[in-house]
Amino acid sequence: MAIELVTKFLPLVDEVFASESKTALLTNKNFDFDGAHTVKIWKIGTAEMNDYGRTGAEEGNWSRYGKVLDLDATTETMTLRKDRSFTYVIDRLDEDESGLEAAKALSRQLRQVVIPEVDLYTISEMAANAGHKPDAAALTADNIYDEIIKGSNALDKSEAPEKDRSLVVTPDTYLLLKRCKDIAMETDIGNEMRLKGIIAMVDGMPVIRVPAARVPAGFGFMIAHPIATVGVEKLAAYKMHHNPPGISGTLTEGRIVYDAFVLENKAGAIYYHSIPTA
């Protein structure tokens with residue numbers, strides 16, 4: 001007999017993702033993929049400013065406002081690329097004699113396998129498509145603050161919003177931050193912020209420490225605003241079958257359809273500093 005537990009497990013799934021995902025603050029959910037596998041968005045151009053012809057239009061123009069231009073209108077396509085799944089079985093005697101529990105096993109699968117995969121993919125997409133990618137340079141306790149300031153300055157020049165920027169670091173980079181004499185980190189962070197992965201504040205930005213296994217090779221740090229990256233989770237379905245045909249025990253199956261897209265016109269809101277790799 002198959003027992004669908006999607007609805008029952010939804011609170012568990014939401015709780016695990018909210019507390020364990022390191023990319024929730026780095027992406028937005030501004031585009032709806034319900035009923036669609038591909039979404040196209042418009043990219044509309046702009047018109048240049050002119051000097052208004054108060055005494056008459058310039059020669060060759062009929063409008064006093066200047067030359068009338070046609071705005072460029074192109075589309076950007078986002079097609080879901082990640083359709084992933086897992087399955088495993090817990091034998092009935094193993095569950096009885098070893099203390100294995102189906103619900104805890106699913107939570108562990110999400111925490112240790114699913115979420116790290118989604119985080120790694122999302123951060124890798126952000127790094128690969130960042131609007132600011134200086135040449136790889138080593139980070140030290142002496143230069144880490146200057147490099148972060150350069151990143152903030154790059155976002156300022158791109159006119160990225162100042163509010164809600166985040167600084168993403170690995171444990172090694174975070175250690176450099178703690179050793180840097182020029183940085184006075186604010187570590188008095190409330191529990192609500194810690195649940196979101198924030199461990200400190202630097203230069204007005206929350207610091208999100210991400211395990212090295214969830215970032216691409218050569219990751220130094222990243223400054224990002226969620227306006228730049230669309231995080232999509234179209235489907236997250238998990239079900240358990242108790243004693244299905246051919247099995248004495250619990251068969252668990254899971255499927256997640258997800259993706260991440262850096263918007264071309266918003267890529268300037270991401271700064272990625274890489275370090276040399278051996």
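Residues numbered from 1 in each chain as written. Predicted model: local features only at pLDDT ≥ 70, side-chain atom pairs only at ≥ 80, totals over all residues. Heavy atoms only, no water.

**Student:** Would you take a moment to explain the overall build of the protein chain for this structure?
**Tutor:** On a plain count of helices and strands, the protein chain comes out with six helices and eleven strands. Here the protein chain has roughly 16100 Å² of accessible surface; of this, 50% comes from carbon and sulfur atoms. (Helix = DSSP H or I, 4+ residues; strand = E, 2+ residues; numbered from the N terminus. Areas by Shrake-Rupley, 256 points an atom, 1.4 Å probe, with all protein chains shown as cover.)

**Student:** Looking at this structure, I do not really get the packing of aromatic side chains. What am I missing?
**Tutor:** How two aromatic rings sit relative to each other is set out by the distance from centre to centre and by the angle between their planes. As enumerated under the stated definition, the model contains six aromatic pairs in all. Ring centres 5.7 Å apart and planes at 85° place the aromatic pair Tyr-121 and Tyr-258 in the edge-to-face group. With Tyr-121 in helix α3 (residues 102-128) and Tyr-258 in strand β10 (residues 249-262), this pair connects stretches of sequence that are 137 residues apart. Across this residue pair, the class does not change: Tyr-121 and Tyr-258 are buried. An aromatic cluster is built from Phe-86, Tyr-88 and Tyr-238, whose rings are joined through pairwise contacts. (Phe/Tyr/Trp six-rings, centres within 6.5 Å; stacked < 30°, edge-to-face > 60°. Buried < 20%, exposed > 50% of the residue type's maximum accessible area, 1.4 Å probe, protein only.)

**Student:** Before we go on, may I ask you to explain unusual backbone geometry in this structure?
**Tutor:** For residues other than glycine, phi is negative in most cases, and the peptide bonds are mostly trans. One non-glycine residue, Asp-203, lies in the positive phi region at around 55°. The residue Asp-203 is located in the loop between β6 (198-202) and β7 (205-209) in this model. By relative accessible area, Asp-203 is classed as partly exposed at 41%. The backbone of Asn-243 sits at a positive phi, close to 55°, despite the residue not being glycine. By secondary structure assignment, the location of Asn-243 is in the loop between β9 (229-242) and β10.

**Student:** Before we go on, may I ask you to explain the pairing of β7 in this structure?
**Tutor:** If a strand is regular, its side chains alternate between the two faces of the sheet. Burial within β7 is extensive, with four of its five residues counted as buried. Sheet topology note: the strand β5 (residues 166-169)/β7 ladder contains three bridges and is parallel. If you follow Leu-167 over to β7, its bridge partner there is Val-207. One ladder, built from four bridges, connects β6 with β7; its direction is antiparallel. When the sheet's bridge partners are listed, Val-202 is paired in β7 with Met-205. Following β6, the chain reverses through two residues before pairing antiparallel with β7; Asp-203 in that reversal takes a positive phi of roughly 55°. (Pairing = 2+ DSSP bridges.)

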